[in-house]
Amino acid sequence: MLAEDKILFNEIKNRNLKVYEALFSNYYPPLVRFAEGYIFDKQECEDIVQNLFIYFWENAEKINLDLSIKSYFFQSVKNRCLNHLRDLQIHDRHNLLYLEALINQDNYEELQDPEIIVKINAAIAQLPEHMAAIIKLKYLEGKKLTEIAQINQISENTVKTQLQRAKEKLRKILIDSTSIYFLF
Amino acid sequence: MQKERTIIDFEIIWKKINHSTTEQEERLLSGWLKENPAHQRYMDNAMNYFHEGSIFEDNKTMSENAWKAMNIKERQSATHRTAWIISISAAVIAILMAINYLIPNNELSIAPLAMEKAIQIKAGTNKALLILNDGSVHDLTASKSLVLNEGGAEIKSAGDKLQYTRQKNITKEVKYNTLSVPRGGEFFLQLSDGTKVWMNSESELRYPVQFNGKERRVELSGEAFFEVARNEKVPFFVESGEQTVKVLGTEFNISSYKEDQSIYTTLVKGSVEVSLKSMPEIKQILAPNEQSSVNKLETQILKHIVDPYNYVAWKDGRFVFDDQTLGAIMKKLSKWYNVEVVFASDEQRDFRFTGDLQRYADFGEVLKKIGKTNEVKFIIEKNKITIR
């Protein structure tokens, strides 16, 4: 576990409200978007993430953080979403929803799921070169739009449109490839 | 007797959204849908998501509102609670700085600033990306010019317009180009048959470089005004999402933004036939001054009489609003001025305005005019406008 995460988690155990709020404002939006890729329901997604934060705050002493705060949050939201799907009698055999959740929350580089990451990288390799380059800069290297614009000598707006197109294409490739993968 | 429970895989829902279910899957799906109203809700939400994109808007408002909601929840759920111990020590400040450093774009210090001098947001300009058949991208901005040759047509860009000229050698293979206009942009395009297209911000048009077959067909997302070159033998089709418009020779506007519930087609001159792509038997013929709306979730086409000027004035450099909500107005303006708009509460969204504004004015001027007419306050920071 990262030293920073250890310090932060200790502060949570010490009931430091400032740190709690800081974690909340950083992780709440991506987590809700992540849940949206599974559940698609505004209220339900917000409830899932809010309840997780309440649980995190009230049971900090009991929680065992193995990896990082980030992966704990995402793994927990994923579990809660899967429980919700189970109640709705929906399976996600091909991980279609998982992929949707990953793309929707915008930053998948730190998620610890090698099998899926391998698939995503394979899909990126199938994109046209300029799309692949821009996707890598944004999602693997975590570069900001302004930085990508500078690197490629294009405007920020152009970066945005290109990213949008690349994302749509990536989604199609991912879904096609998983369907094929599971056909055999 | 045990109640029956159908378990389905999400793949079936995905296929349903993409119209590719088999008969057996259809049966399974409809069984599942009938079992519980929550199942139908899930299906509706999923469809909405895949058609319209994410429901959530900007991160900051989202987490701020949720933080407030959380505090209420916690108070309700607390039976016995240790008092909050807030220790603002040097150590904590160091930790907060560490978070700032670790996570860029972090929004720890939230200080909305109202600054008059920040009102310098410029109107959109001529800019677009041209994407050729092979996927290569050319940036067309106001200052650049470009001459290309592809698929039997000459392509010329002079910075504010793109023109295709048909050449004699007809090639068998049809090549497609895409013109993509970003937020804060507009562009004029003339296709190889002479059809003129004015493209609005955040819009995309895919078209063949040269029209060879028995019909002319293009695909639009976003908003564009068409002046279709007359040719009764070769009808012109515009596809946008669920809708197909069939044209002989005429002037009309289509607004088909992803985030909107409906696709609007407004006819100025001539006649067009609007139909649903998946159910071509559902159709409406429009006469001048008529507008059709196709709700993306329902399978019907509605027709109303409108003043077409309100819907096409954008191409002549005006913004016209006739008794429209501030929510709808700001949505349009945000595309043209490329700004993010946040409403402090939903109440302001429903204020209604009527006006005829200059499209090329600075944003500050436009806001001043709206601000004068009602009790709305605009707070501007960089490219974000908060309305309260």
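Below: a short report on this structure. (Residues numbered from 1 in each chain as written. Chains lettered and ligands numbered in written order. Predicted model: local features only at pLDDT ≥ 70, side-chain atom pairs only at ≥ 80, totals over all residues. Heavy atoms only, no water.)

### Let's talk about the overall build of chain B
Put simply, the rule is: Helix numbers and strand numbers start at the N terminus; a helix is a DSSP run of H or I with at least 4 residues, a strand a run of E with at least 2. Here, two residues are considered to be in contact whenever any of their heavy atoms come within 4.5 Å of each other. Surface accessibility in these figures is a Shrake-Rupley result with a 1.4 Å probe; residues are shielded only by whichever protein chains are displayed.
For chain B, the count of helices and strands is nine helices and 24 strands. Nonlocal contacts in chain B, meaning residues at least 24 apart in sequence, comprise 52% of its contacts between residues at least 6 apart. Summing over all exposed atoms, chain B offers an accessible surface of approximately 20,400 Å²; the carbon and sulfur share of this is 51%.

### Some remarks on the overall build of chain A
This is how it is decided: Buried, partly exposed and exposed residues are distinguished by accessible area as a fraction of the type maximum, computed with a 1.4 Å probe on protein chains only: under 20%, between the cut-offs, and over 50%, respectively.
In terms of regular secondary structure, chain A is built from nine helices and one strand. Its helices and strands taken in sequence order, chain A reads α-α-α-α-β-α-α-α-α-α from the N to the C terminus. Every one of the 184 residues in chain A was classed for burial, and the buried ones make up 55%. A sequence separation of at least 24 residues applies to 66% of the contacts in chain A between residues at least 6 apart. A total of about 8,500 Å² of accessible surface is found on chain A, and carbon and sulfur atoms cover 48% of it.

### A few points about the interface of chain B and chain A
A common way to report how large an interface is uses the accessible area buried once the components associate. Put simply, the test is: Two parts placed together each lose some accessible area under a 1.4 Å probe, and the buried area is that loss summed for both. Within this document, salt bridges are pairs made up of a side-chain nitrogen of Lys or Arg and a carboxyl oxygen of Asp or Glu, the two lying within 4 Å of each other.
Opposite the 64 residues of chain B that make contact, chain A presents 58 residues. In terms of surface lost to chain A, no three residues of chain B exceed Tyr42, Phe56 and Trp67 of chain B, which account for 13% of the buried area on that side. Where chain B meets chain A, there are one salt bridge. Arginine 165 of chain A is the partner of glutamate 204 of chain B in a salt bridge, and the nearest nitrogen-oxygen pair spans 2.9 Å.

### Observations regarding the packing of aromatic side chains
Quick reminder of the rule: Stacked, edge-to-face and tilted are the three classes for Phe, Tyr and Trp ring pairs, Trp counted by its six-membered ring, which pair at centre distances within 6.5 Å; planes under 30 degrees apart are stacked, over 60 edge-to-face, the rest tilted. When the NZ atom of lysine or the CZ atom of arginine is within 6 Å of a ring's centre and also within 35 degrees of its normal, the charge is said to sit over that ring.
In total, this model carries 24 aromatic pairs over all chains according to the counting rule given. For the pair tyrosine 20 of chain A and tryptophan 57 of chain A, a centre-to-centre distance of 4.5 Å together with 25 degrees between the ring planes defines the contact as stacked. Here tyrosine 20 of chain A is found in helix H2 (residues 17-39), whereas its partner tryptophan 57 of chain A is found in helix H3 (residues 42-58), with 37 residues between them in sequence. Across this residue pair, the class does not change: tyrosine 20 of chain A and tryptophan 57 of chain A are buried. Arranged with centres 6.5 Å apart and planes meeting at 85 degrees, the rings of phenylalanine 34 of chain A and tyrosine 98 of chain A form a pair that is edge-to-face. Taken as a pair, phenylalanine 34 of chain A in helix H2 and tyrosine 98 of chain A in helix H5 (residues 96-105) lie far apart in primary sequence, 64 residues in all. Neither phenylalanine 34 of chain A nor tyrosine 98 of chain A differs from the other in exposure class; each is buried. Positioned above the aromatic ring of tyrosine 257 of chain B is the side chain of lysine 335 of chain B, whose terminal nitrogen or guanidinium carbon lies 4.2 Å from the ring centre.

### Concerning the packing of helix H1 (residues 10-17) of chain B against helix H2 (residues 23-35) of chain B
Residues and elements named next belong to chain B. Selection rule: All axes here are fitted lines through C-alpha atoms, helices being fitted over the stretch that makes contact, and every angle between N-to-C directions spans 0 to 180 degrees. Note that the term roughly parallel is reserved for angles under 35 degrees, roughly antiparallel for angles over 145, roughly perpendicular for angles of 65 to 115, and oblique for everything else. In this count, Pro and Cys sit with the nonpolar residues alongside Ala, Val, Leu, Ile, Met, Phe, Trp and Tyr, while Asp, Glu, Lys and Arg are called charged and the others, Gly among them, polar.
Orientation of H1 relative to H2, taken along the N-to-C sense of each, is 105 degrees, at an axis distance of 10 Å. With respect to each other, H1 and H2 are oriented roughly perpendicular. Residues Ile12, Ile13, Lys15 and Lys16 of H1 lie in contact with H2, whose contacting residues are Glu25, Glu26, Leu28, Leu29 and Trp32. In terms of residue class, the contact of H1 with H2 is built from five nonpolar, no polar and four charged.

### Considerations on the packing of helix H1 (residues 3-13) of chain A against H2 of chain A
Residue and element names in this part refer to chain A. Using the following cut-off: The handedness criterion is simple: a crossing whose near helix is rotated anticlockwise from the far helix by less than a right angle is left-handed, and one whose near helix is rotated clockwise is right-handed.
With their axes 8 Å apart at the nearest point, H1 and H2 run at an angle of 125 degrees to one another. Judged on the interaxial angle alone, H2 and H1 are oblique. Every pair of crossing elements has a handedness; the one defined by H1 and H2 is left-handed. Residue-level contacts link Leu8, Glu11 and Ile12 of H1 to Val19, Tyr20 and Leu23 of H2. Of the residues that constitute the contact of H1 with H2, the class distribution is five nonpolar, no polar and one charged.

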